[in-house]
Amino acid sequence: MNFSKSGLVAASLAALVASGCSTSRFSSMDDQQPAPLQPAPAGQVTSNQLPPPASPGATDPSQFPTAPANTQVASLPPDGSAPAGASDLSAASVAGVWNASVSGQSCKIATPQTKFGAGFRAGPLHCPAPIDGIKSWNVAGKQLTLYDENGGSLARLYSSGGSKFDGQTSSGQPISLTR
């Protein structure tokens, strides 16, 4: 006998289709019905009038998120030098995930030791401007610098002891990192 490849494939497919149609794997499930679901508890729906929205210029402090009470941010010397007591830094001492506070707003910043540009990659997690644009970080002596995508400095910080850094953004906003 002489079979062509296409004839062999067609015969194999026909055999597979025929064998798939004759299975009884699911026949036992056809007779079983799931138990009926219990209805959700019924209650009364009420409606109330919402208060009017605040005006765009409202400055009610209760409307703004605040940092926890224990986040004092040290001020930096005006000449840009390291504050007294700041210690030398290493990339290993900065790597990790930090709780950031910027002008009273909180977020997280990931600082892995993945090389990126002239430093290491950084990832802000739900941070306010300007630190939402952090793309990298690096240490030099006592200073931790956070950079934007163009390599511009967004913030510089110094160790405040233990697992805490304090500093300022390039626009002068206080910033603090803690673990």
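Reading guide: rules and limits
Residue indices begin from 1 for each chain and proceed along its sequence in written order. A pLDDT threshold of at least 70 governs which residues receive local features in this predicted model, and a stricter bar of 80 or more applies before side-chain atom pairs are shown or counted, although totals over entire chains, interfaces and linings include all residues. Only hydrogens and water are removed before side-chain values are computed, so all heavy atoms of the structure are retained for them. Each Phe, Tyr or Trp ring (for Trp, its six-membered ring) is paired with any other whose centre lies within 6.5 Å, and the angle between the two planes then decides the class: stacked below 30 degrees, edge-to-face above 60, tilted in between. Secondary structure elements are defined from DSSP: runs of H or I of at least 4 residues count as helices, runs of E of at least 2 residues count as strands, and each element is numbered from the N terminus. We count a charge as sitting over a ring when the NZ of a lysine or the CZ of an arginine lies within 6 Å of the ring centre and within 35 degrees of the ring normal. Two strands qualify as a pair provided that DSSP identifies no fewer than 2 bridges between them. Any Lys or Arg side-chain nitrogen found within 4 Å of a carboxyl oxygen on Asp or Glu counts as a salt bridge. Partly exposed residues are those whose accessible area sits between 20% and 50% of the maximum for their type, while under 20% is buried and over 50% is exposed, using a 1.4 Å probe and protein chains only. Here, nonpolar core refers to any group of buried Ala, Val, Leu, Ile, Met, Phe, Trp, Tyr and Cys residues whose side-chain atoms link them within 4.5 Å. In what follows, a contact means two residues having at least one pair of non-hydrogen atoms within 4.5 Å. One confidence number per residue, pLDDT, is output by the predictor and ranges from 0 to 100. For this analysis, a polar contact is any N or O atom pair within 3.5 Å, provided that within protein one partner can donate a hydrogen and the other can accept it, and provided that sequence-adjacent residues contribute only side-chain to side-chain pairs. By convention in this document, the label disulfide applies to cysteine sulfur atom pairs within 2.5 Å.

Participant: What is the right way to read the packing of aromatic side chains from this model?
Facilitator: For any two aromatic rings, the description comes down to two numbers: the centre-to-centre distance and the angle of the planes. By the definition in use, this model includes 2 aromatic pairs. Ring centres of Trp98 and Phe165 lie 5.2 Å apart, and the angle between their planes is 75°; on these two criteria the pair is classed as edge-to-face. With Trp98 in strand β1 (residues 96-102) and Phe165 in strand β9 (residues 164-169), this residue pair connects regions lying 67 residues apart in the sequence. For the cation-ring pair, Arg179 lies above Trp98, with the distance from its terminal atom to the ring centre recorded as 3.9 Å.

Participant: Would you mind going over the pairing of strand β6 (residues 136-140) with me for this structure?
Facilitator: Regular strands show a simple pattern: their side chains alternate between the two faces of the sheet. Summarising the sheet, strand β4 (residues 119-121) and β6 pair through 2 bridges and their orientation is antiparallel. Bridge pairing links Phe120 to Trp137 in β6.

Participant: Sorry, what's going on with the sheet that holds β4 here?
Facilitator: Strand-to-strand pairing in sheets goes through backbone hydrogen bonds, with the strands running parallel or antiparallel. Ordered by their spatial adjacency, 10 strands build an open sheet running β3-β4-β6-β7-β8-β9-β10-β1-β2-β5, and the pairing between neighbours is antiparallel. Among the strands making up the open sheet, the edge pair consists of β3 (115-116) and β5 (123-125). Relative to strand β2 (residues 105-111), β1 is paired through 7 bridges, and the arrangement is antiparallel. Looking across to β2, one finds that Val97 is bridged to Ala110.

Participant: Is there a simple way to explain the pattern of salt bridges in this structure?
Facilitator: For side chains of opposite charge, pairing can occur when their charged atoms come near one another. Using the criterion set out here, one finds 1 salt bridge in the structure. For Lys164, the salt bridge identified is with Asp166, shortest N-O distance 4.0 Å. Accessibility expressed as a relative area gives 4% for Asp166, which makes it buried.

Participant: Sorry if this is basic, but what is going on with the nonpolar core here?
Facilitator: Here is a general trend for soluble globular proteins: nonpolar side chains tend to be buried in one another's company. Of all hydrophobic cores here, the largest spans 23 residues; its most connected members are Ile131, Trp137, Leu144, Leu146, Leu157, Phe165 and Leu177. Elements with a minimum of two residues in this core: α3 (91-94), β1, β2, β6, β7 (143-147), β8 (153-159) and β10 (174-178). Not counting the four nearest positions on each side in its chain, Leu157 is found in contact with Lys142, Gln143, Leu144, Leu146, Phe165, Asp166, Gly167, Ile175 and Leu177.

Participant: Help me out: how do you make sense of the confidence of the model for the protein chain in this one?
Facilitator: Detailed reading of predicted coordinates is not advised where the pLDDT is low. With 59% of its residues at a pLDDT of 70 or more, the protein chain has an overall mean of 75. Confidence drops under a pLDDT of 50 for residues 57-74, and excluding neighbours within four residues, the segment shows 21 contacts in the predicted structure.

Participant: Quick question: what am I supposed to make of the environment of Ser93 here?
Facilitator: The residue Ser93 is located in helix α3 in this model. Owing to a relative accessible area of 33%, Ser93 belongs among the partly exposed residues under this scheme. Along the sequence, Ser93 and Ser163 sit 70 residues apart, while their C-alpha atoms lie 8.6 Å from each other. Residues in contact with Ser93, not counting those within four places in the same chain, are Trp98 and Arg179. Among the polar contacts listed, one links the side chain of Ser93 to the backbone oxygen of Ser90, at a separation of 2.7 Å.

Participant: How do you make sense of the state of the cysteines when you look at a structure like this?
Facilitator: Scanning the entire structure with this criterion turns up 1 disulfide. Through a disulfide, Cys107 is tied to Cys127; the S-S separation comes to 2.1 Å. Linking Cys107 and Cys127, the disulfide has an S-S dihedral of approximately 90° and is accordingly described as right-handed. Taken together, the positions of Cys107 in strand β2 and Cys127 in the loop between β5 and β6 put the pair 20 residues apart, joining distant regions of the chain. Residue Cys107 is classed as buried on the basis of its relative accessible area, which comes to 7%.

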